[in-house]
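So you can see what is in the structure, the chains are spelled out below.
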Amino acid sequence: VDLLEVAYGAIKDADPEAIVISGGLAPTGAINEDAIDDRLYLRQMYDAGLVHYCDAVGAHPSGYNLPPDADWRTYEDPDASFRGPFENRHPSWSFKATMEDYRAIMVARGDTHKRIWPTEFGWASVDGLGVDPVEHYEYAEDNTEEEQAAYIVRAYEMGRSWGWVGPMFLWNLNFAPVVGVHDEKAAFGIVYENWDPRPAFGDICDMPK
């Protein structure tokens, strides 16, 4: 927040109309020597004066192998090979819980007029790519391409219906042709290595804007 304060002032001096978004927090579900839970981190950012130094709150809500509107406390998928969300239940697995928890923190701090900007979100799927998931991204094997498409569209619908969400930046368009299908980023993409559209590409084009 000290860095954000300096940047916010400099940006506003250069362009008072510029929108300054706080750094997008990524779900960790952890408090240890390597990480801190993102919800706690956001509270600490507010303790340090965040409310004065941003126009929107950045977020990176992940979906892993859960639908965007799934209740992380009760959702079950007995066929899922990646068992993290079911054997170690925590709201950080859930797109919905992450977004709603951030909003609740903002409301509790009286910062109700600002919107959350998901500057990175999406669902990984190796379906149709002809590769196994990369280590630590095993959940990408559980999401079919059709589920990836449906989850992305549903997330956009949820963001619009909530009323406190700003622009949503999908991760990603084209990493399959850029870095190849063996890179973990390719599983999140919505085009194949040859630039042909995956199902999500068409569904996003066709969804109401």
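Residues numbered from 1 in each chain as written. Predicted model: local features only at pLDDT ≥ 70, side-chain atom pairs only at ≥ 80, totals over all residues. Heavy atoms only, no water.

Caption draft 1: Highlighting the overall build of the protein. Scanning the protein from terminus to terminus reveals 7 helices and 2 strands. In sequence order, the protein lays out its α and β elements as α-α-β-α-α-β-α-α-α. Relative to a compact globule of 209 residues, whose C-alpha radius of gyration would be 17 Å, the protein shows 18 Å and is just as compact. Taken along its principal axes, the extent of the C-alpha atoms in the protein is 50 × 40 × 35 Å. The buried share of the protein, taken over its 209 residues, is 46%. Counting only contacts in the protein whose residues sit at least 6 apart along the sequence, the fraction spanning at least 24 positions is 63%. Just so you have it, the protein exposes about 10,500 Å², and 51% of that area is on carbon and sulfur atoms. (Helix = DSSP H or I, 4+ residues; strand = E, 2+ residues; numbered from the N terminus. Rg over C-alpha atoms; globule rule 2.2 N^0.38 Å. Buried < 20%, exposed > 50% of the residue type's maximum accessible area, 1.4 Å probe, protein only. Contact = heavy atoms within 4.5 Å. Areas by Shrake-Rupley, 256 points an atom, 1.4 Å probe, with all protein chains shown as cover.)

Caption draft 2: View of empty space enclosed by the protein. Under the definition given, this model contains 1 cavity of 30 Å³ or more. Of the pockets and cavities examined, the largest cavity occupies roughly 60 Å³. Surrounding the largest cavity, A124, V126, V131, D132, P133, V134, Y137, A140, V181, D183, E184 and A187 form its lining. (1 Å grid on protein atoms, 1.4 Å probe; cavity = no way out; pocket = protein on both sides within 12 Å on 5 of 7 lines; lining within 4 Å. Points joined across faces, edges and corners; volume = space filled by probe spheres on them.)

Caption draft 3: The side chain of D77, seen in detail. Here D77 is to be found in the loop between β1 (56-59) and α3 (84-87). R83 provides the closest opposite charge to the buried, unpaired D77, separated from it by 5.7 Å. Discounting residues that sit within four places of it in the chain, D77 has contacts with R83 and F86. (Lys, Arg positive; Asp, Glu negative; His and termini not counted. Salt bridge = Lys/Arg side-chain N within 4 Å of Asp/Glu carboxyl O.)

Caption draft 4: Highlighting unusual backbone geometry. Geometrically, the link from W171 to N172 is a cis peptide bond, its omega value of 5 degrees lying close to zero. Inspection of the secondary structure puts N172 in the loop between α5 (145-162) and α6 (175-179). In this structure, H136 is a non-glycine residue whose phi angle is positive, near 80 degrees. The topology assignment puts H136 in the loop between β2 (115-118) and α5. Assessed through its relative accessible area of 60%, H136 is described here as exposed. Here the phi dihedral of W195 falls at roughly 80 degrees; this positive angle occurs in a residue that is not glycine. Inspection of the secondary structure puts W195 in the loop between α6 and α7 (199-206).

Caption draft 5: Structural view of the nonpolar core. By size, the foremost hydrophobic cluster in this structure holds 35 residues, and its most contacted members are L42, F95 and M99. In terms of residues, this core owes the most to one element, α5, which gives 8 residues. Filtering out sequence-adjacent residues up to four positions away, L42 remains in contact with L25, L50, V57, Y102 and I105. In this structure, L66, A124, V126 and A187 belong to the second largest nonpolar core, which totals 18 residues. (Core = buried A, V, L, I, M, F, W, Y, C linked by side-chain atoms within 4.5 Å.)

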